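Secondary and tertiary structure notes
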Amino acid sequence: MELAISVIVGFMILGAIYAIHARDILSAVIAGGIVGYSLVICFILLKAPDLAIVQIVVETITLIIMVAVVLDSSRVEAYGKFDSRAWVTSGTAVLILAILFWFLKEASATLAPFGENSMRMADAYVNGAVDRTGSVNLVTGVIFDFRGYDTLGEATVLVTAVLGVLTILRIRGKKI
Amino acid sequence: MTVIVKKTTQLIAGIVFLYGIYIILHGHLTPGGGFAGGVILAGSFILLILAFGSDFLHLLREERGSTIYENLAILAFLLLALSGFLAGAGIFFANWLPHGTPGELVSAGFLPLYNIFVGIEVAASILTIFLALVIFKEEILK
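Residues numbered from 1 in each chain as written. Chains lettered and ligands numbered in written order. Predicted model: local features only at pLDDT ≥ 70, side-chain atom pairs only at ≥ 80, totals over all residues. Heavy atoms only, no water.

1. A short note on the packing of helix α3 (residues 49–72) of chain A against helix α2 (residues 34–52) of chain B
Selection criterion: Helix axes are fitted to C-alpha atoms over the stretch in contact, other axes to C-alpha atoms as well, and angles between N-to-C directions run from 0 to 180 degrees. Only DSSP runs of H or I reaching four residues or more are called helices, and only runs of E reaching two or more are called strands; each is numbered from the N terminus. Orientation labels follow simple angle bins: below 35 degrees gives roughly parallel, above 145 gives roughly antiparallel, 65 to 115 gives roughly perpendicular, and whatever is left gives oblique. The handedness criterion is simple: a crossing whose near helix is rotated anticlockwise from the far helix by less than a right angle is left-handed, and one whose near helix is rotated clockwise is right-handed. The contact definition used throughout considers only heavy atoms, calling two residues in contact when any of these lie within 4.5 Å. Basically, the charged four are Asp, Glu, Lys and Arg, the nonpolar ten are Ala, Val, Leu, Ile, Met, Phe, Trp, Tyr, Cys and Pro, and anything else, Gly included, counts as polar.
With their axes 9 Å apart at the nearest point, α3(A) and α2(B) run at an angle of 30° to one another. When the interaxial angle is binned, α3(A) and α2(B) end up roughly parallel. In the packing of α3(A) onto α2(B), the handedness of the crossing is left-handed. Residues Ile53(A), Val54(A), Val57(A), Val58(A), Ile61(A) and Ile64(A) of α3(A) form the contact with α2(B), whose participating residues are Phe35(B), Ala36(B), Val39(B), Ile40(B), Gly43(B), Ile46(B) and Leu50(B). Here the contact of α3(A) with α2(B) is built from residues that sort into 12 nonpolar, one polar and no charged.

2. Here's the deal with the interface of chain B and chain A
Under the convention used in this document: Summed over both partners, the accessible area lost on bringing two parts together, with a 1.4 Å probe, is the buried area. Any Lys or Arg side-chain nitrogen located within 4 Å of an Asp or Glu carboxyl oxygen qualifies as a salt bridge. Pairing of N or O atoms within 3.5 Å defines a polar contact, subject to two protein rules: one partner must be a possible hydrogen donor and the other a possible acceptor, and residues neighboring in sequence count only if both atoms are side-chain atoms.
On the side of chain A, 39 residues touch chain B, which itself brings 49 residues to the contact. Counting the surface chain B buries against chain A, the share from its top three residues, Phe35(B), Phe93(B) and Glu139(B), is 15%. Taken together, the links from chain B to chain A amount to zero salt bridges. Run the count over chain B and chain A and you get six residue pairs in polar contact (both at pLDDT 80 or more). Secondary-structure elements contributing two or more residues to the side of chain B that touches chain A are α2, α3 (64–86) and α4 (111–141) of chain B. Among the elements that take part in the side of chain B that touches chain A, α4(B) stands out by supplying 18 residues, more than any other. The class makeup of the residues in the side of chain B that touches chain A is 28 nonpolar, 14 polar and seven charged.

3. Describing the packing of aromatic side chains
Let me state the cut-off plainly: Working definition: rings of Phe, Tyr and Trp (its six-membered ring) pair if their centres are within 6.5 Å, and the pair is stacked with planes under 30 degrees apart, edge-to-face with planes over 60 apart, and tilted otherwise. Think of it in three bands: with a 1.4 Å probe and only protein chains considered, a residue is buried below 20% of the maximum accessible area for its type, exposed above 50%, and partly exposed in between.
A full pass over the atoms with the stated rule returns six aromatic pairs over all chains. Here the aromatic rings of Phe144(A) and Tyr114(B) are separated by 6.0 Å at their centres, their planes lie at 15°, and the arrangement is stacked. Placement of Phe144(A) in helix α6 (residues 138–146) and of Tyr114(B) in helix α4 is noted, with the two residues assigned to different chains. One exposure class covers both Phe144(A) and Tyr114(B), and it is buried. The interplanar angle of 25° and the centroid separation of 6.3 Å between the aromatic rings of Tyr19(B) and Tyr22(B) together place this pair among those described as stacked. Linking Tyr19(B) with Tyr22(B), this pair stays in helix α1 (residues 3–25), spanning three residues, or about one helical turn. With a relative accessible area of 42%, Tyr19(B) lands in the partly exposed category. Ring pairing ties together the aromatic residues Phe144(A), Phe77(B), Phe110(B) and Tyr114(B), which thus form one cluster.

4. Description of the nonpolar core
Keep this limit in mind: Residues grouped as a nonpolar core are buried Ala, Val, Leu, Ile, Met, Phe, Trp, Tyr and Cys residues, joined through side-chain atoms within 4.5 Å. Domain start and stop points were drawn from an automatic or database domain assignment.
Ile61(A), Phe77(B), Phe93(B), Tyr114(B), Val122(B) and Ile126(B) are the most contacted members of the largest nonpolar core, which has 31 residues in total. Mapped onto this core, the elements with two or more residues apiece are α3 and α7 (148–168) of chain A together with α2, α3 and α4 of chain B. Viewed by domain, this core spans two of them, domain 1 (2–122) and domain 2 (123–176) of chain A, each represented by three or more residues. When sequence neighbours within four positions are dropped, the list of residues in contact with Tyr114(B) reads Phe144(A), Phe77(B), Leu80(B), Ala81(B) and Phe93(B).

5. Overview of helix α2 (residues 25–45) of chain A
All names here are of chain A. What counts is decided by this rule: Residue count minus one, scaled by 1.5 Å, sets the expected span of a helix.
Between its first and last C-alpha, α2 extends 31 Å over 21 residues, near the 30 Å set by a 1.5 Å rise per residue. Within α2, the full set of buried residues consists of Leu26, Ala28, Val29, Ala31, Gly33, Gly36, Ser38, Val40, Cys42 and Phe43. Here the buried face of α2 lies against α1 (2–21) and α3. Near the N-terminus of α2, the side chain that reaches the backbone nitrogen of Leu26, with its oxygen 3.3 Å away, is that of Asp24. Phi turns positive, to about 65°, at Lys47, one or two residues after α2.

6. Regarding α1(A)
All names here are of chain A. Formally: The arc in question is formed by the directions pointing from the helix axis toward the C-beta atoms.
For α1, which comprises 20 residues, the first-to-last C-alpha distance of 29 Å matches the rise-based estimate of 28 Å (1.5 Å per residue) to within 8%. Within the span of α1, buried status applies to Ile5, Ile8, Met12 and Gly15. Along the long axis of α1, the arc covered by the buried residues comes to 80°, so they all point the same way. Opposite its buried face, α1 presents the exposed residues Glu2, Leu3, Leu14, Ile20 and His21, each directed more than 90 degrees away.

Here is the structure:
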């Protein structure tokens, strides 16, 4: 199974690299879809069907919206000049990346070795979930009962995203 | 779109809608749940809009209906969570309804209700974003 996942991740990397370098934006969007659909296969191989269902539907809807947007606007990528402001932004990006990598290295030194996670919290969830929540599907028991605040936060993020979209995409004001 | 696409959409959209409801209602028994089922529900509406054009569903003029549903669903989710606080347990998100036998459709206390309201909320959110993009395009073309 690790071999299959490695091959699929290789495909994802190829798709992502092609999406960056494609001249035509439509082919870049479709190459970006490779990443999402390969992730679906990875989720199924790793025995996470809940995530796979969400990912395949969301990927399809996002791809439809992106293709519609690209077909209605321009298919040619706009290249700007590489002036002094571009130097400043690229330098800042590289600096922040270096700082983030340094902190990641520092933080990962204290973690458990790769593949040997400590199961302190997960043991309580896995063994007692059916008795305590009454839900046979363990994932639903965790996300709505043990981690209810997380789910409330996710739903609030969706509401906020819709508010932002409605605020930006309005040309004429609504008559009250 | 052509006749083939319209006819296929007529046949499929209802089945997709029912499948979304199934995923939401069985969220505490089988893989899936509110988020997955809600996105599938929104997908059936988006399929109809893509096949039949903007004028087919009359709610396209205003996305008022879907925004109201979205806000009411998140409000109901909050009230359900608050009811655990008021019912004597003293904990936010307390699951104070009887749990029933695990594995039956009506069991697990509040979890199916949470699933239903989160499903409505996710479906209405994604549909609202899609409708906002469609209306934006129509206003641009005018």
